[in-house]
Amino acid sequence: MSKKIGYCGNHCEYCFFTDCDGCKSNNPSCSYANLFDDKKCPNVVCCESKSIKGCWQCDKLNNCKIGFFSSGENDAKAYSLYIKKYGAEKYTNRILELINNGYNYPREFKDVNDIEKILEIFNS
């Protein structure tokens, strides 16, 4: 897989930001990171400081308000919670199943914007 799962849980392989190679690449141009003067997403900074692969590996995920998780967009947190419970491989496979069933990842989940509802869709 050329692109990875971002630290926050967004899957870079299926993202609509085609100019970005993901926050774990040499070309991290995520729209959220661009809101900051240093162009670094707080989720990236936090995970790197803890030497973890993603927010899903953090004990504080459920109540986390760092970076993307304080933005008002709740899809990434739902993704991280799903990965925490089921793993990255099942997450990737489920995204592909949902896309094949007509879901527009990630746009449709950004529109849902409810952690529990997104998890219900992923678990259905």
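Report on the accompanying structure. Computed from a predicted structure; not experimentally measured. (Residues numbered from 1 in each chain as written. Predicted model: local features only at pLDDT ≥ 70, side-chain atom pairs only at ≥ 80, totals over all residues. Heavy atoms only, no water.)

Examining the pattern of salt bridges
Definition in use: Salt bridges are defined by distance alone: a side-chain nitrogen of Lys or Arg within 4 Å of a carboxyl oxygen of Asp or Glu.
Counted by the stated rule, this structure contains three salt bridges. Each member of the salt-bridge network shares a partner with another, and the members are Glu-73, Asp-75 and Lys-110.

Observations concerning the environment of Glu-97
Where we set the bar: Each helix is a run of DSSP H or I of at least 4 residues and each strand a run of E of at least 2, with the numbering of both proceeding from the N terminus. Here's how the labels work: a residue is buried when its accessible area is under 20% of the maximum for its type, exposed when over 50%, partly exposed in between, all with a 1.4 Å probe on protein chains only.
If you trace the backbone, Glu-97 turns up in helix α3 (residues 88–100). Assessed through its relative accessible area of 42%, Glu-97 is described here as partly exposed. Considered as a pair, Glu-97 and Tyr-32 are 65 residues apart in the sequence and their alpha carbons are 27 Å apart.

Some details on the nonpolar core
Here is the rule we go by: Think of a nonpolar core as a cluster: buried Ala, Val, Leu, Ile, Met, Phe, Trp, Tyr and Cys residues, connected wherever their side-chain atoms sit within 4.5 Å. When checking whether two residues touch, look at their non-hydrogen atoms; a contact exists if any pair is within 4.5 Å.
Counting residues in each nonpolar core, the largest one holds 32 residues, and the members touching the most others are Phe-69, Tyr-79, Tyr-91, Phe-109 and Phe-122. Elements supplying a minimum of two residues to this core: α1 (42–50), α2 (75–86), α3 and α5 (115–123). Counting residues per element, this core draws most heavily on α2, at six residues. The residues contacting Phe-109, other than those within four sequence positions of it, are Asp-75, Tyr-79, Leu-98, Tyr-103, Asn-104, Ile-118, Ile-121 and Phe-122.

Here's the deal with the packing of α2 against α3
The criterion, for reference: Geometry is summarised by axes, namely lines fitted to C-alpha atoms with helices restricted to the contacting stretch, and by angles between N-to-C directions that run from 0 to 180 degrees. Note on angle classes: values under 35 degrees are labelled roughly parallel, values over 145 roughly antiparallel, values of 65 to 115 roughly perpendicular, and the remainder oblique. In this count, Pro and Cys sit with the nonpolar residues alongside Ala, Val, Leu, Ile, Met, Phe, Trp and Tyr, while Asp, Glu, Lys and Arg are called charged and the others, Gly among them, polar.
Following both chains from N to C, one finds α2 and α3 inclined at 125°, their axes separated by 7 Å at the closest point. As the angle between them shows, α2 and α3 are arranged oblique. Counting all contacts with α2, which are made through Tyr-79, Tyr-82, Ile-83 and Tyr-86, the residues of α3 involved are Ala-88, Lys-90, Tyr-91 and Arg-94. In terms of residue class, the contact of α2 with α3 is built from six nonpolar, no polar and two charged.

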